Amino acid sequence: MKKLILMGLLLAAGTAVHAQSATASADATNAGSSKVSPAKKQLVEKILKLQQPNIELLARSMSEGLARQLAQQANVAMQRRVAPEKREALAKVMQADLDKFVAEAVPAARQRAVALGPEIMGTDLEKNFTEAELKQIVAILESPANAKFLELSARTGRSLQEKLAPEISPKLQALDQTWTKRLQDAVQPSTDKSNPAPPAAPGPTAK
């Protein structure tokens with residue numbers, strides 16, 4: 001669970017960074033111009049390359065954060081509905097399910113997020129920034145363009161999360177259905193309420 005808790009914190013941090021910002025400033029520089037110079041395209045490609053680790057982290061945080069939420073819900077259900085003597089074995093099986101989900105969902109989400117970068121962030125960079133501003137961003141200089149870029153990053157984060165949801169949701173739903181069936185199979189009707197239940201076994205955790 002320590003790994004998922006850490007990823008949950010990263011997801012919370014990512015959500016804070018990509019929270020709703022003020023309305024984007026009007027695009028006056030590139031109005032009326034549909035052609036992008038080769039030099040500008042090179043600058044955009046360089047920025048996307050520099051931002052790739054952050055894009056991948058967003059995809060990973062989103063995937064593992066959603067899995068963490070599902071794990072917490074499954075753990076609560078297990079404590080309430082599964083016979084105490086079956087919880088430890090069930091927790092191990094569910095942990096294996098969780099590890100499989102993370103192993104499959106995280107790389108797929110990361111790959112999809114990187115592929116969406118040019119379509120979402122690259123297009124916005126080309127439309128909203130001049131070559132001079134893009135050079136300032138690449139150089140990571142303190143400038144008005146830096147604040148403008150952070151504003152764009154917030155929009156990019158929201159757009160990526162919206163487009164990544166269809167990629168992650170089917171796998172998450174499959175995991176939810178698998179765990180629901182496991183819980184149903186493990187449930188035993190309680191016939192003796194006089195004896196207190198032994199201490200609960202831990203739920204699924206990530207390594």
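Residues numbered from 1 in each chain as written. Predicted model: local features only at pLDDT ≥ 70, side-chain atom pairs only at ≥ 80, totals over all residues. Heavy atoms only, no water.

## As for the overall build of the protein chain
When helices and strands are tallied, the protein chain shows 5 helices and 0 strands. In the protein chain, the succession of α and β elements from N to C terminus is α-α-α-α-α. Residues counted as buried form 37% of the 207 residues belonging to the protein chain. If you take every contact in the protein chain between residues at least 6 apart in sequence, the share linking residues at least 24 apart comes to 90%. (Helix = DSSP H or I, 4+ residues; strand = E, 2+ residues; numbered from the N terminus. Buried < 20%, exposed > 50% of the residue type's maximum accessible area, 1.4 Å probe, protein only. Contact = heavy atoms within 4.5 Å.)

## Some remarks on the pattern of salt bridges
Under the defined criterion, the tally for this structure stands at 6 salt bridges. For Lys-41, the salt bridge goes to Glu-126, with nearest N and O atoms at 3.5 Å. Remark: Glu-126 occurs in helix α3 (residues 84-128) and Lys-41 occurs in helix α2 (residues 38-81); sequence separation between them is 85 residues. What makes Lys-41 partly exposed here is its relative accessible area of 37%. The salt bridge involving Lys-148 is made with Glu-133; its shortest N-O contact spans 3.8 Å. Taken together, the positions of Lys-148 in helix α5 (residues 144-186) and Glu-133 in helix α4 (residues 131-138) put the pair 15 residues apart, joining distant regions of the chain. Overall, Glu-133 belongs to the buried group, its relative accessible area being 19%. (Salt bridge = Lys/Arg side-chain N within 4 Å of Asp/Glu carboxyl O.)

## As for the packing of aromatic side chains
Evaluation of the coordinates by the stated rule reveals 0 aromatic pairs. The ring of Phe-129 carries Lys-148 above its face, with NZ or CZ at 5.0 Å from the centroid. (Phe/Tyr/Trp six-rings, centres within 6.5 Å; stacked < 30°, edge-to-face > 60°. Lys NZ or Arg CZ within 6 Å of the ring centre and 35° of its normal.)

## Let's talk about the packing of α2 against α3
Two elements in contact, α2 and α3, have axes whose closest approach is 6 Å; the angle formed by their N-to-C orientations is 155°. Overall, the two elements α2 and α3 adopt an arrangement that is roughly antiparallel. Of the two elements, α2 crosses α3, and the hand of that crossing is right-handed. Among the residues forming the contact of α2 with α3, the class breakdown is 23 nonpolar, 6 polar and 8 charged. (Axes fitted to C-alpha atoms, helices over the stretch in contact; angles between N-to-C directions. Parallel < 35°, antiparallel > 145°, perpendicular 65-115°, else oblique. Left-handed = near helix turned anticlockwise from the far one by under 90°. Nonpolar A, V, L, I, M, F, W, Y, C, P; charged D, E, K, R; others polar.)

## Regarding the nonpolar core
Judged by nonpolar contacts, the single largest core of 31 residues is most densely connected at Met-78, Leu-90, Leu-98, Phe-101 and Trp-179. Counting residues per element, the ones that place at least two in this core are α2, α3 and α5. Counting residues per element, this core draws most heavily on α3, at 12 residues. If we skip the residues at most four places from it in the chain, Phe-101 touches Ser-63, Ala-67, Val-106, Ile-168, Lys-171, Leu-172 and Leu-175. Within the second largest apolar cluster, 12 residues are counted, among which are Val-44, Leu-48, Ile-137 and Val-138. (Core = buried A, V, L, I, M, F, W, Y, C linked by side-chain atoms within 4.5 Å.)

## Digging into α2
Given a rise of 1.5 Å per residue, 44 residues ought to cover 64 Å, and the 62 Å separating the end C-alpha atoms of α2 matches this to within 8%. The sharpest bend along α2 measures roughly 50° and falls at Gln-51, with the proline Pro-53 sitting one to four residues further on. (Expected span 1.5 Å × (residues − 1). Bend = angle between axes of the 7 residues up to and from the residue.)

## Concerning the confidence of the model for the protein chain
In this model, the protein chain carries a mean pLDDT of 76, and residues with pLDDT of at least 70 account for 71%. Of all the helices and strands in the protein chain, helix α1 (residues 2-17) carries the lowest mean pLDDT, 38, while α3 carries the highest, 92. (pLDDT = per-residue confidence, 0-100.)

## Concerning the side chain of Asp-97
Among the secondary structure elements, Asp-97 is positioned in helix α3. Taking the relative accessible area as the measure of exposure, Asp-97 reaches 15% and is therefore buried.

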